Amino acid sequence: MGAAMTERYGAYALAGNPAAPAGVLLRLPALNDRSITHRLSYYAALPGEVAEAMLTHLERWVRNLLAICTARTGLWGR
């Protein structure tokens, strides 16, 4: 398996790790990999810094994913 694939799988695993620090999660949307960024939406409570980074991301699909995640988990209005 190539180094690029190993790094991608590592990033995917980090995106789903609830113990991963916000500083690590902040770097994941910058990879512009839909499966990795989508995995961030699995969090019941996304760290504030990560949510802010997704909210201000240049790509619309990242911002939409945050909206879907927030609506699904019922975090709007809290």
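Numbers given for residues are sequential positions, taken from 1 along each chain in its written order. Since the coordinates come from a predicted model, pLDDT governs what is reported: local features require at least 70, and pairs of side-chain atoms require 80 or more to be given and counted, while whole-chain, interface and lining totals use all residues. Working from all heavy atoms in the structure, the side-chain values ignore hydrogens and water.

1. A closer look at the side chain of D33
- Tracing the backbone shows D33 in the loop between α2 (22-25) and α3 (34-40).
- Here a polar contact means two N or O atoms within 3.5 Å. Within protein one must be a hydrogen donor candidate and the other an acceptor candidate, and residues neighboring in sequence count only if both atoms are side-chain atoms. Polar side-chain contacts of D33 include one of 2.7 Å to the side chain of S35.
- In contact with D33, not counting residues within four places along its chain, are R8 and W61. Comment: elements are numbered from the N terminus, with helices defined as DSSP H or I runs of at least four residues and strands as E runs of at least two. Whether two residues touch is decided by their heavy atoms; if any such pair falls within 4.5 Å, the residues are in contact.

2. Looking at the environment of L14
- Structurally, L14 is set in helix α1 (residues 3-15).
- A simple rule labels every residue: compare its accessible area, found with a 1.4 Å probe on the protein chains alone, to the largest value its type can have, and call it buried under 20%, exposed over 50%, or partly exposed in between. In this structure L14 comes out as partly exposed when scored by relative accessible area, which is 34%.
- Sequence separation of L14 and L40 is 26 residues, and the distance between their C-alpha atoms is 9.2 Å.
- Among residues more than four places away in sequence, those in contact with L14 are A20, V24, L25, L28 and Y43.

3. Some words on the nonpolar core
- Here, nonpolar core means buried Ala, Val, Leu, Ile, Met, Phe, Trp, Tyr and Cys residues that are tied together by side-chain atoms lying within 4.5 Å of each other. One finds L25, L28, L40, Y43, L46, V50 and M54 to be the most contacted residues of the largest nonpolar core, which totals 16 residues.
- Counting residues per element, the ones that place at least two in this core are α1, α2, α3, α4 (48-55) and α5 (60-73).
- Top contributing element to this core by residue count: α5, with four residues.
- In contact with M54, not counting residues within four places along its chain, are P29, T37, L40, L46, V62, R63, L65 and L66.

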